[in-house]
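Survey of secondary and tertiary structure
Residues per chain, in single letters:
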Amino acid sequence: MAKKKKKKLRSLLSKRKAHARKAPGTAPGTVQYTGDQKVDEVSIKVHDYDVDHVEHISIADIEESRPFLENSSKTWINVTGLHDVDKLKSIWKYFDLHPLVQEDIVNTSQRPKVETYDNCIFFVLRMLSFDPENKSLVSEQISVVLGSNYVLSFQETDSNYFQPIFNRLEAGGRIRTQPTDYLAYALLDTVVDHYFNVIEQIGNEIEEVENILFEDEETNQDLLQKVHHIRREVVFLRKSVWPLRDALNTAIRDDSDFISDHTKLFLRDVYDHMIQVIDSVENYRDMVLSLHDLYMSSMSNRMNEIMKVLTIIATIFIPLTFIAGIYGMNFDPEASPYNMPELSWYWGYPASIAIMVVLALIMLYYFKRKGWL
Amino acid sequence: MAKKKKKKLRSLLSKRKAHARKAPGTAPGTVQYTGDQKVDEVSIKVHDYDVDHVEHISIADIEESRPFLENSSKTWINVTGLHDVDKLKSIWKYFDLHPLVQEDIVNTSQRPKVETYDNCIFFVLRMLSFDPENKSLVSEQISVVLGSNYVLSFQETDSNYFQPIFNRLEAGGRIRTQPTDYLAYALLDTVVDHYFNVIEQIGNEIEEVENILFEDEETNQDLLQKVHHIRREVVFLRKSVWPLRDALNTAIRDDSDFISDHTKLFLRDVYDHMIQVIDSVENYRDMVLSLHDLYMSSMSNRMNEIMKVLTIIATIFIPLTFIAGIYGMNFDPEASPYNMPELSWYWGYPASIAIMVVLALIMLYYFKRKGWL
Amino acid sequence: MAKKKKKKLRSLLSKRKAHARKAPGTAPGTVQYTGDQKVDEVSIKVHDYDVDHVEHISIADIEESRPFLENSSKTWINVTGLHDVDKLKSIWKYFDLHPLVQEDIVNTSQRPKVETYDNCIFFVLRMLSFDPENKSLVSEQISVVLGSNYVLSFQETDSNYFQPIFNRLEAGGRIRTQPTDYLAYALLDTVVDHYFNVIEQIGNEIEEVENILFEDEETNQDLLQKVHHIRREVVFLRKSVWPLRDALNTAIRDDSDFISDHTKLFLRDVYDHMIQVIDSVENYRDMVLSLHDLYMSSMSNRMNEIMKVLTIIATIFIPLTFIAGIYGMNFDPEASPYNMPELSWYWGYPASIAIMVVLALIMLYYFKRKGWL
Amino acid sequence: MAKKKKKKLRSLLSKRKAHARKAPGTAPGTVQYTGDQKVDEVSIKVHDYDVDHVEHISIADIEESRPFLENSSKTWINVTGLHDVDKLKSIWKYFDLHPLVQEDIVNTSQRPKVETYDNCIFFVLRMLSFDPENKSLVSEQISVVLGSNYVLSFQETDSNYFQPIFNRLEAGGRIRTQPTDYLAYALLDTVVDHYFNVIEQIGNEIEEVENILFEDEETNQDLLQKVHHIRREVVFLRKSVWPLRDALNTAIRDDSDFISDHTKLFLRDVYDHMIQVIDSVENYRDMVLSLHDLYMSSMSNRMNEIMKVLTIIATIFIPLTFIAGIYGMNFDPEASPYNMPELSWYWGYPASIAIMVVLALIMLYYFKRKGWL
Amino acid sequence: MAKKKKKKLRSLLSKRKAHARKAPGTAPGTVQYTGDQKVDEVSIKVHDYDVDHVEHISIADIEESRPFLENSSKTWINVTGLHDVDKLKSIWKYFDLHPLVQEDIVNTSQRPKVETYDNCIFFVLRMLSFDPENKSLVSEQISVVLGSNYVLSFQETDSNYFQPIFNRLEAGGRIRTQPTDYLAYALLDTVVDHYFNVIEQIGNEIEEVENILFEDEETNQDLLQKVHHIRREVVFLRKSVWPLRDALNTAIRDDSDFISDHTKLFLRDVYDHMIQVIDSVENYRDMVLSLHDLYMSSMSNRMNEIMKVLTIIATIFIPLTFIAGIYGMNFDPEASPYNMPELSWYWGYPASIAIMVVLALIMLYYFKRKGWL
């Protein structure tokens, strides 16, 4: 059990470690993947769609996407895997991306942000989800490049976060009729929607700990570790959601032509959801502090209970043992009539027992009145 | 007792759960009720009024409200129950509401907000009240659409929060003479007024816990749970009142024609009340932290008292028992004149008792001087 | 003693209760006194003054003030008692006050504020003073209406807060030569000056608790209650002073004709004092937190001391008692030469006593080195 | 020792008391010295200087300064002692100072501020220094009036804070060539420089407490008092430095002619130092909180150690004593073969001793493994 | 071990001491080195480069740099060592630096800042690195003067922080083709990159402490010291990074000609990194607080465990010892049939043992149910 807990902690820590960076002094704009390889191969998938049709084609070389980009339909190119920098470079070159954009795509510890360039808008998003297996937060950087008639997205793993969007593309509706900026919005909305899942998970964890604290008799180091783990998750979540709020705000106020006013209305809706997420995160922050206070208070309560048991037992029996000790003394009754005459009294023993019982009852009454029993 | 407490906690948690949302990636503007069904049927009630008359009519179909909307009198349509999305859709269509408004009305975990659209102003409010039965906060989303000559309000339950407004409509006065924006203000004012009730309730709970902490001998896990419960209530209340402040501010600064300057004067009054509510909530936040500190200090005090009892008893009797133990040793007085000659002294036993009494008195004097008695 | 303390706490809590409000949904502008009746009768006192003369006249009906208002001298009408709404209404009507002003005058739980109307400036102030009898903060709402040539003030009780101003009116000087806005400023200044008294009182209470914590041997639940009481007082004070700062700022920036630039210079001085009060309140907030930490640390110190006494006594005597117990065993020396031969040794008893003494000395030396003695 | 500590605390508290004020309701602009008399007599010293000469003359009457003020050289008039209001009034009248300036000069509990009047700029500064004798902060209000060709400064005591400036006047250099605003800057710079000394002193105190906490065996109430004392010093320091930052900002943005652009460049430098002071104060605030946590943790550590000693001793000897108690029972072996036959076994006594030794060793091993030894 | 820890603490404290300043009242602009001499001699190194060549020349006198400055290539002059003010003065004079710039270069406790002068832009940076030897933060002030065609940098030690830049100069690329402002950016970027290293180190330390707290049995004063040490490191780091953020912002908004728009794009990238650093620092601040709470909770857990051991042992054996004590009493069975007849019962001894065993089992069952075993 303790083993598993430890593993859980590690996985969160290693996420922090993944924020490793290139060596200090390295030339800026240096393209270097800072994560671990997570898929076998970089795969490129083209989703070409307009009101009338939708196509999903896997391509090996970015040049193969040319016909889709050149026709009048809208094109979404989704790239999975970031470890093969050479292949990525061919894509970047094809779309003529700025060196800093290139650097940010593969440096997978970026803060969420939105940046406007001459030929595109560039979003860095952080997809968070809850890995049910080892009960920890999983984080993945999603980069989205919104050009005039295409959306280019990069993700580290072949996770199926965007499956619902594929489905909506298939199903038709607004997503097919609107320009590509609406697709970019849909990707963003999906990321934010996932935050709600994470928040619910953390809420469940908090509730679980609360229940253990209020119901179970025994709390231990494991529970403390859990409280600490939740605390770190909230810290981690905060680090992801606050910058995205600012990024969204930038996007809404953006006056380039890449995002239409119509789509901005929807972005404002995402922004509202973001604020809701932030509200929840801030509340969870309060709650986790409260949880720790609760843990400490529970400890104190338990300590008090332990001390009460000890005090009751010791306080009752120590005086009795003393009385028994008195009559265990070996003063010689024959040497003097004052030497323990009680020992040869007719009612001596019963009287001593009676005294002990009375003493014990007085103690018990005292504890009762103190509310210790 | 503990059972009931647990139920109380749950009900607050389940409220959080009600903030469940549609699945990530779902198309925006998707209309999907996220709460539990709370009334049997969606009911529509039309309140038609002007200076001279007031009428209350229940209608089955929104089309039936046409005559009231078309005449010159003011019309308030109150919809109760949000689970029957089809019926709601007919209403929305009738009033031509924006898809995002529609989504927000049934997604009952919205933050309070005010949004201006072309044909209406849309308010999302959160009515809070204190359920006396299981002593917990009850939350309900109220949506108000203020059009040019109508007010459309949506609530989840058939609670009678708006009864006083029905009464005022009957009674006549300003509410009958003023345009519909004044009615919208009256609804808003009612919601804010309820916050004062909630604040008073929480104040009572805080006071109750304080009294227990200062007067009763015994505090326990239940009390801790109560403190934690109040803390969560304050967190929950904060989450509701802060956004409403911003929303109100937006409404006051709104330059559309839906809200007259005359009504804005009253909105400013509601805004003042809102600030007062926020002041109280912030103070309660401080007080609840103080309450927890108080609990911890009380625990410490009690622990000290328990330890004092144990220490006094143990410190007095352990040395006495040791003396009794000495004279219970079986050294053979006949083997040597140095072997426990006290045992055969004439005053041996009384002297040993006297020593014990003196020792006990010294100890008691010491504790007295330490202030432990 | 505990009784009195409890009374003290109550009185602060009841103040909060006085913040009761009209029922939710009541029409805004409803005039309803929300405090307790504190004087027998509503009394009206007219202070008519100019450079040359000063008159103080009690009047029964507001109509009697007409001659004073119509002449060229300046007029201050002070109303004491807010429970007789009918009488108040006659005054309000006479001066043509806005309904919201009327509501605020009798709703005695307003936040301090300044509002400009067409015919007057309206101040809501909160007078705080320290009731020496039951050692608690007393709060009273003071409303001031500054018209073109009159000042109208309302207070709940017949407290003599404004006595110094009566004296200054009598004495002559700037207050007689300046227009009525200077009188309004003088009232405001008096309120702020009282805050300094309250701050000094709280400072004294903090100091008192500090002294007890650092000097006296015994601390108890009463002291904890005192710390908590001070904490609540600071919270209460904060709630009063922060809004007044904003209100003063509003008054200084006000561009109506009711306040002259000359008087604004003095208002700026009051504003500076206000900032000083707020600084002190914020510092006290820190100090009270510090005080609680101090209390907890003191508790810990005391607990450590208690534990040390117990540990020293138990650690010394338990092993000694064990040795005595050994030689109290009844093994039959005749059954075997190995059975407790010590009992019949010549130096047996002295040797056992010597061992005990040595053991005790070792223990004492150990505790000495640990610094426990 | 405890006596001295107590004195230390007092001196800080009495400083707060010195913030006493005139009675509420007193006319504003009332000139009344609120501190204690600290020098025998109010002394006036004129420092007249220009590029070519410097003169220091003590004068008894302000009229004597006329020749210096009327000539073309720059004049600094330094007034020491604020208790003789009549003498001060003659000075104020001579320079035609505004009543509020007069009030602020003698009310020695002002916040640091900068105010511009028609004929002068008025600075209120708070000089802080560390009194090495009773190890506490000493505070003194310095008022500086910067007129067109003079600087007028007021201080409560004859402290030699400005000695270095006298020296620089003697030595010549920029201070002699620049106009009087540069002298005012030099005074201000000196005050801010003293803050660095105070900060270093507090840093030393923090370090001292840290060393005691980490090295010495024994901590006690005195140390707690010291931590609390430092905490109050930081609170006090904060109260002085924050307002000065704003005041400096005001001075830099000031567009009157009293401060030249050239001097503003230097003021900006003082402002930078001020920010550095504030950074340090904020860091110390964090550190002092950390210090208290450290104290509490140390207490806990010590308590744990005490409890461990008690537990080890009690846990080892209580079972052994029980065994000894068993064989101290007086069951009659002759009444039955089952009655304590061990007592007459050949190896009875050695065996019982052996059992005890083994038991003790097991316990010791258990504690060793627990890491308690 | 404890020795080494102490040294670690010292080194951090001494850094604070290095913030010593010139005496209060000293003339501003006074050039005085406030650090310790860290290199033998002030050395000047010229790096002259353009697209076609790069040269590194050590010079003894600044005059020797004239040919490099006058030709068309770009020149970077790096000065190591700040103790020889005369030599520095010759450099400053050569470049005509403002007196306040001169003062800031040698006053090595400046806050990071950016200031624009007529002939240059002046950066004060704080290089932080982690000294692996005595595991503490090492801080060094780096001053950079960016002129029209040169970069002048000053550092206290001959650390090789800028080695990677030398390498890049050698290797060619953007750094050789861009103007000098790009070099200044590269220096800045290197400083910020080092912050990531420091952050990672602190992260490792936090993780290490967490592991000890969760895994090891024994925590002690050393660990507490470590927590406190990390806390101070975070405070120290914060003090360095926050001002740099503002400074960078100033540089980006700067409208002088020294920084080209092209370079500003890169500065914005550094700014983003800076925000990321600040995010991490703020998170670490939370985490360190959490760490201390963790420590305290661990202490409480351990205390509870100790108390449980004591309570179990004492609670089981004290009653048993009492029973043994009873039958150790010496009441004379011959004096009365009621005097301890049990002693001569046939099953007396076995029965008493049986009672003890049953009692012990009941206790054990009770503790089991309480979850203490």
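Just so you know, these numbers come straight off a predicted model, no measurement behind them. (Residues numbered from 1 in each chain as written. Chains lettered and ligands numbered in written order. Predicted model: local features only at pLDDT ≥ 70, side-chain atom pairs only at ≥ 80, totals over all residues.)

1. Topic: the overall build of chain A
Inclusion rule: Numbered from the N terminus, helices here are DSSP runs of H or I no shorter than four residues, and strands are runs of E no shorter than two. The quantity called the radius of gyration is restricted to C-alpha atoms. Its globule counterpart is 2.2 Å times the number of residues to the power 0.38. Residue burial here comes from a neighbour count, namely the number of other C-beta atoms, placed from the backbone, that lie within 10 Å of the residue's own C-beta, with 20 or more meaning buried, 12 or fewer meaning exposed, and in between meaning partly exposed. What counts as a contact is two residues whose backbone-derived C-beta atoms lie within 7 Å of each other.
Each helix and strand counted, chain A has ten helices and seven strands in total. Computed over its C-alpha atoms, the radius of gyration of chain A comes to 35 Å, more than 25% above the 21 Å expected for a compact globule of 373 residues. Buried residues in chain A amount to 45% of all 373 residues. At a minimum sequence separation of 6, the contacts of chain A that also span at least 24 residues come to 69%.

2. Section: the UniProt feature "transmembrane region" (unreviewed entry) in chain A
All names here are of chain A. This is how it is decided: UniProt positions are given in the numbering used here, feature names are shortened, and annotations may be inferred rather than shown by experiment.
With numbering aligned to this structure, UniProt lists the feature "transmembrane region" (unreviewed entry) at residues 306-327 and 347-367. Span residues 306-327 is 95% helix and 0% strand, its end C-alpha atoms 32 Å apart. A helix fraction of 95% and a strand fraction of 0% characterise residues 347-367, whose end C-alpha atoms lie 30 Å from each other.

3. Notes on the interface of chain B and chain A
Convention followed: Classification convention: Asp, Glu, Lys, Arg as charged; Ala, Val, Leu, Ile, Met, Phe, Trp, Tyr, Cys, Pro as nonpolar; all other residues, Gly among them, as polar.
Each side of the interface is counted separately: chain B has 50 residues, and chain A has 55 residues. The set of elements that each furnish at least two residues to the side of chain B that touches chain A consists of α1 (2-17), α8 (221-253), α9 (261-326) and α10 (348-370) of chain B. Here the side of chain B that touches chain A takes 18 residues from α9(B), the largest share from any one element. For the side of chain B that touches chain A, the residue count by class is 29 nonpolar, 13 polar and eight charged.

4. Details of the relation of the copies chain A and chain E
Put simply, the second copy of the chain is the first one after a rotation about an axis and a shift along it. What counts is decided by this rule: Overlaid copies result from least-squares superposition on C-alpha atoms, with residues included only where pLDDT is at least 70 in both.
Superposing chain A onto chain E takes a rotation of 72 degrees plus a shift of 0.1 Å along the axis, which leaves an RMSD of 0.1 Å. Classification of the inter-copy transformation places it as that of a five-fold axis. Nearest to the rotation axis, the C-alpha of A:Gly328 is located 4.5 Å from it, this being the minimum over chain A. Counting the interface residues of chain A, we find that no more than 18% of their copies in chain E are interface residues as well, pointing to two distinct contact surfaces.

5. Examining the pairing of strand β7 (residues 150-155) of chain E
All names here are of chain E. To keep it simple, the criterion reads: DSSP-based pairing: two strands are paired if at least 2 bridges between them are found.
A large share of β7 lies buried, amounting to six of its six residues. Both faces of β7 are covered, namely the face carrying Tyr150, Leu152 and Phe154 and the face carrying Val151, Ser153 and Gln155. As defined by bridge partners, strand β3 (residues 74-80) adjoins β7 across six bridges and the pair is classed as parallel. Counterpart to isoleucine 77 in the pairing with β7 is leucine 152. Sheet analysis places strand β6 (residues 136-146) next to β7, joined by five bridges and oriented antiparallel. Counted as the bridge partner of valine 144 is serine 153 from β7.

6. What to know about the domain arrangement of chain A
Residues and elements named next belong to chain A. Applicable threshold: Either an automatic procedure or a domain database provided the assignment from which the domain bounds are taken.
Along its sequence, chain A is carved into domain 1 (29-298) and domain 2 (299-370). Taking only C-alpha atoms into account, the centre of domain 1 sits 72 Å from that of domain 2. At the interface, four residues of domain 1 touch four residues of domain 2. Split by residue class, the side of domain 1 that touches domain 2 holds two nonpolar, two polar and no charged.

7. Observations regarding unusual backbone geometry
Negative phi characterises most residues that are not glycine, and trans characterises most peptide bonds. Residues and elements named next belong to chain A. Positive phi, close to 50 degrees, is recorded for methionine 340, a residue that is not glycine. Position of methionine 340 relative to the elements: it lies in the loop between α9 (261-326) and α10 (348-370). For methionine 340, a count of 26 C-beta atoms within 10 Å puts it in the buried group.

8. Considerations on the interface of chain A and chain E
Listed by partner, the interface residues are 50 residues for chain A and 56 residues for chain E. Counting residues per element, the side of chain A that touches chain E draws most heavily on α9(A), which supplies 18 residues. When the residues that make up the side of chain A that touches chain E are grouped by side-chain class, the tally is 29 nonpolar, twelve polar and nine charged.

9. Observations concerning helix α4 (residues 99-106) of chain A
Every buried residue of α4(A) is listed here: A:Asp104, A:Ile105 and A:Val106. Those residues of α4(A) that are buried lie in contact with α3 (85-95), β5 (121-131), β6 (136-146) and β7 (150-155) of chain A.

10. Section: the relation of the copies chain B and chain A
The two copies are related by a screw operation: chain B maps onto chain A through 72 degrees of rotation and 0.1 Å of translation along the axis, at an RMSD of 0.1 Å. Taken together, the interface assignments show that only 18% of the residues at the interface of chain B recur at the interface of chain A, consistent with different surfaces on the two copies.

11. Looking at the sheet that holds β6(E)
All names here are of chain E. Note the threshold: All axes are obtained by fitting lines to C-alpha atoms, using only the stretch in contact for helices, and the reported angles, taken between N-to-C directions, cover 0 to 180 degrees.
Taken together, seven strands build an open sheet; the order of strands is β2-β1-β3-β7-β6-β5-β4 and the sheet is mixed. At either margin of the open sheet sits one strand with a lone partner, and together these are β2 (54-59) and β4 (113-116). Pairs of neighbouring strands in the sheet enclose a mean axial angle of 20 degrees, with direction left out of account. The sheet contacts of helix α8 (residues 221-253) involve β4, β5 (121-131) and β6, and relative to β4 the element is tilted by about 25 degrees.

12. Describing the packing of helix α7 (residues 180-215) of chain C against helix α9 (residues 261-326) of chain C
Residue and element names in this part refer to chain C. Filter applied, for reference: With respect to orientation, any angle under 35 degrees is reported as roughly parallel, any angle over 145 as roughly antiparallel, any angle of 65 to 115 as roughly perpendicular, and every other angle as oblique. Crossings are sorted by hand: turned counterclockwise from the far helix by less than a right angle, the near helix makes the crossing left-handed, and turned clockwise it makes it right-handed.
At a minimum axis distance of 10 Å, the contact between α7 and α9 shows a crossing angle of 15 degrees. In terms of orientation, α7 lies roughly parallel with respect to α9. Between α7 and α9 lies a crossing whose hand is left-handed. In terms of residue class, the contact of α7 with α9 is made up of 22 nonpolar, four polar and three charged.

13. Focus on the pairing of β5(A)
All names here are of chain A. In terms of residue burial, β5 counts as a mostly covered element, since eight of its eleven residues are buried. Pairing between strand β4 (residues 113-116) and β5: four bridges, direction antiparallel. If you follow glutamate 115 over to β5, its bridge partner there is phenylalanine 122. Linking β4 to β5, which pair antiparallel, is a turn of four residues. Here β5 runs beside β6; their pairing, made up of eleven bridges, is antiparallel. Residue pairing across strands places arginine 126 opposite glutamine 141, the latter belonging to β6.

14. Brief notes about the environment of D:Leu100
All names here are of chain D. Tracing the chain through its elements places leucine 100 in helix α4 (residues 99-106). Take leucine 100: there are 18 C-beta atoms within 10 Å of it, and that puts it in the partly exposed class. C-alpha separation for the pair leucine 100 and valine 31, spaced 69 residues apart in sequence, amounts to 8.7 Å.

15. A look at the sheet that holds strand β2 (residues 54-59) of chain A
Residue and element names in this part refer to chain A. In spatial order, the strands read β2-β1-β3-β7-β6-β5-β4; together these seven strands make up an open sheet with mixed pairing. Strands at the two margins of the open sheet, each flanked by one partner only, are β2 and β4. Taken over all neighbouring pairs, the strand axes of this sheet differ in orientation by 20 degrees on average, direction set aside. In the packing of helix α8 (residues 221-253) onto the sheet, contacts are made with β4, β5 and β6, and the angle to β4 comes to roughly 25 degrees.

16. Re the packing of α9(B) against α9(C)
The interhelical angle for the contact between α9(B) and α9(C), taken along N-to-C directions, is 20 degrees, at an axis separation of 8 Å. Taken together, the axes of α9(B) and α9(C) are roughly parallel relative to one another. Considering the relative orientation of α9(B) and α9(C), their crossing is left-handed. Of the residues that constitute the contact of α9(B) with α9(C), the class distribution is 22 nonpolar, eleven polar and three charged.

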